[in-house]
Amino acid sequence: MAQIEIIKIDENNLENPCELKKLERAGKIIRNGGLVVFPTETVYGLGANAFDESAVKKIYEIKGRPSDNPLIVHFADPEDIYKYAEVPDIAEKIIKKFMPAPLTLVLKKKGNEFDSSCKLDTVAVRVPKNNTARKLIELAGVPITAPSANLSGKPSPTNAAHIMSDLDGKVDMIICGENCEIGLESTVISFNGDGIINILRSGYITRDDLISVGARIARPGTELIEQPRAPGMKYKHYSPDAPLYILSGENDRIIDFMSKELCRKTKKVGFLCFAEMLSFFADNKNIISISLGLKNDLKEQAKNLFSALNKFNELGVDIIYSVEPEKTGVGEAIYNRLIKAAGGKTIIL
Ligand code: AMP
Ligand code: MG
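Conventions adopted
- Residues numbered from 1 in each chain as written.
- Chains lettered and ligands numbered in written order.
- Predicted model: local features only at pLDDT ≥ 70, side-chain atom pairs only at ≥ 80, totals over all residues.
- Heavy atoms only, no water.
- Helix = DSSP H or I, 4+ residues; strand = E, 2+ residues; numbered from the N terminus.
- Rg over C-alpha atoms; globule rule 2.2 N^0.38 Å.
- Buried < 20%, exposed > 50% of the residue type's maximum accessible area, 1.4 Å probe, protein only.
- Contact = heavy atoms within 4.5 Å.
- Lys, Arg positive; Asp, Glu negative; His and termini not counted.
- Charge placed at Lys NZ, Arg CZ, Asp CG, Glu CD.
- Phe/Tyr/Trp six-rings, centres within 6.5 Å; stacked < 30°, edge-to-face > 60°.
- Lys NZ or Arg CZ within 6 Å of the ring centre and 35° of its normal.
- Core = buried A, V, L, I, M, F, W, Y, C linked by side-chain atoms within 4.5 Å.
- Axes fitted to C-alpha atoms, helices over the stretch in contact; angles between N-to-C directions.
- Parallel < 35°, antiparallel > 145°, perpendicular 65-115°, else oblique.
- Left-handed = near helix turned anticlockwise from the far one by under 90°.
- Nonpolar A, V, L, I, M, F, W, Y, C, P; charged D, E, K, R; others polar.
- Salt bridge = Lys/Arg side-chain N within 4 Å of Asp/Glu carboxyl O.
- Pairing = 2+ DSSP bridges.
- Disulfide = S-S within 2.5 Å.

1. Points about the overall build of the protein chain
So, step 1. Looking only at helices and strands, the protein chain features 10 helices and 17 strands.
So, step 2. A compact globule built from 349 residues should have a C-alpha radius of gyration of about 20 Å, and the protein chain, at 20 Å, falls within 12% of that.
So, step 3. Residues counted as buried form 54% of the 349 residues belonging to the protein chain.
So, step 4. The long-range share in the protein chain, meaning contacts at least 24 apart out of those at least 6 apart in sequence, stands at 66%.
So, step 5. Charge-centre separation for the protein chain: the mean point of 46 positive side chains lies 3 Å from the mean point of 46 negative side chains.

Pasting the structure below:
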């Protein structure tokens, strides 16, 4: 691919003519079939014109994404969803209450516009909360198909620097904005005919948020024996370069375990710890501690998770041990990403 354009955008000043001009240019690239990396509130996205089959195909090629794993189509305005998809009553309530939001709805398609949905009769739709993302979609004048801007299977990028190692030279433009406010991919939900909702992927919008607007949620936990409900579920995800183990147990047992690891001097060990543990191994060169956040601050943990995994990749550690987050509220999504990144490996202490 020819010269890649890297632009910096002031996300707090988007109506400034200078910033608008940059986004207009980015929108034009998308409209004309190019690929643009852009910030969202969840993770950085790799965007293409959702109506352009060959542009969408390039996303799959660049990411090495399996061709049967459909992509999310992003709109600037919740009203646009109704043009392309059938919206059941409960979905309408959810749209009215939350959108724009880090939330994706899998809905029945009205037409056949989107190749990103892999010939399914449904399409996944989202209206991002991040203003830069919505402005870009508006200026592109077309919906934008976008997965996370990383190679398939790797941790998602939550700041512009993460993108370079995976995608440099492979896209037309990278828009560098702020660090992603939420840091985890959107919650993905689908609708059964009988008004029951399946949570296909947990995220910042939680089970309780959905229940608060009257949603009835299907019981989770059967996907391991059934066909995966979201095609994306069957693939390896979020994995750092080094093997990752989750340590399940009280803080003092975790510190004990890590102290013993110190004796095995041949390895450079990454420790994804709670903020309260950060000082324990500060003087030791073999253990690199990165804080996930305070034990009771799930929002901070969501924001830090991928950034920490990407940092361990950068530092080239040999093995990573992680604390186990609470599994309630947003913790459900953090744990979901972490256990996939670990390939299910947990050490019970
Ligand atoms: P990503 O692009 O990596 O953020 O992933 C989008 C998620 O939404 C993946 O888990 C997809 O499998 C899922 N998804 C997208 N479209 C559909 C659809 N039409 N039906 C079910 N799941 C979908
Ligand atoms: Mg992804």
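Structure's up, so let's keep going.
2. Brief notes about the packing of aromatic side chains
So, step 1. Per the stated rule, a full pass over the model turns up 10 aromatic pairs.
So, step 2. Each ring, one from F75 and one from Y84, has its centre 5.6 Å from the other, and the planes form 20°; the classification is stacked. Just as F75 is buried, Y84 falls in that class too.
So, step 3. Ring pairs connect the aromatic residues F51, F75, Y84 and F114, which therefore count as one cluster.
So, step 4. Stacked on the ring of Y335, the Lys or Arg K327 has its end atom at 4.6 Å from the ring centre.

3. Here we look at unusual backbone geometry
So, step 1. In this structure, the amide linkage connecting M99 to the following residue, P100, adopts the cis form with an omega of 0°.
So, step 2. Position of P100 among the secondary structure elements: in the loop between helix 4 (89–98) and strand 6 (103–109).
So, step 3. Even without a glycine there, the phi angle at Y238 is positive, about 60°.
So, step 4. Note on placement: Y238 falls in the loop between strand 12 (216–217) and strand 13 (244–248).

4. Considerations on the nonpolar core
So, step 1. Counting 43 residues, the largest nonpolar core has L184, M258, F271, L272, M277 and L305 as the members making the most contacts within it.
So, step 2. Elements that contribute at least two residues to this core include exactly strand 13, helix 8 (251–261), strand 14 (269–274), strand 15 (287–293), helix 9 (298–315), strand 16 (319–323) and helix 10 (331–341).
So, step 3. The element best represented in this core is helix 9, accounting for seven residues.
So, step 4. Once residues within four sequence positions are removed from consideration, M258 is found in contact with L247, V269, F271, F281, I287 and Y321.
So, step 5. Membership of the second largest hydrophobic core comes to 29 residues, among which are V87, A101, L105 and I197.

5. Description of the packing of helix 1 (residues 17–31) against helix 5 (residues 131–140)
So, step 1. Put simply, helix 1 and helix 5 touch, their axes get as near as 8 Å, and they point 60° apart. Classed by the angle they form, the pair helix 1 and helix 5 counts as oblique. By crossing handedness, the relation of helix 1 to helix 5 is classed as right-handed. Across the interface between the two elements, L20, L23, E24, A26, G27, I30 and R31 from helix 1 touch T132, K135, L136, L139 and A140 from helix 5.
So, step 2. Each residue belonging to the contact of helix 1 with helix 5 can be placed in one class, and the counts come to seven nonpolar, two polar and three charged.

6. What to know about the environment of L315
So, step 1. In this structure, L315 sits in helix 9.
So, step 2. Put simply, L315 and I288 are 27 residues apart on the chain and 9.0 Å apart in space, counted from C-alpha to C-alpha.
So, step 3. Setting aside residues no more than four positions away along its own chain, L315 makes contact with K268 and I288.

7. Re the pattern of salt bridges
Close approach of charged atoms allows side chains with opposite charge to pair.
So, step 1. For the structure shown, the criterion picks out 14 salt bridges.
So, step 2. Among the salt bridges present, the one from E324 reaches K327, with a minimum N-O distance of 3.4 Å.
So, step 3. What makes E324 buried here is its relative accessible area of 19%.
So, step 4. Take K327: its relative accessible area is 44%, and that puts it in the partly exposed class.
So, step 5. One network of salt bridges, in which partners are shared, links E15, K135 and E138.

8. Notes on the sheet that holds strand 17 (residues 346–348)
So, step 1. Strands sit in the order 15-14-16-13-17 across an open sheet of five strands; the sheet is parallel. Lying at the two open borders of the sheet, with one neighbouring strand each, are strand 15 and strand 17. Here the average twist between neighbouring strands, direction ignored, is 25°.
So, step 2. Each of strand 13, strand 14, strand 15, strand 16 and strand 17 is contacted by helix 8, which is oriented at about 165° to strand 14, the strand it contacts most.
So, step 3. Running over the sheet, helix 10 touches strand 13, strand 14, strand 16 and strand 17 and is turned about 130° from strand 13.

9. A few points about the state of the cysteines
So, step 1. This model, assessed by the stated rule, comprises zero disulfides.
So, step 2. Of all cysteine sulfurs in the structure, the one in C180 sits closest to C176, which takes part in no disulfide; the separation is 12 Å.

10. Structural notes on the side chain of Q301
So, step 1. Secondary-structure assignment places Q301 in helix 9.
So, step 2. Residues contacting Q301, with those up to four places away along its chain left out, are F274, L292, G293, L294, K295, N296, P325 and I334.

It is worth stressing that arrangement in space is one thing and function is another; only the former is reported here.
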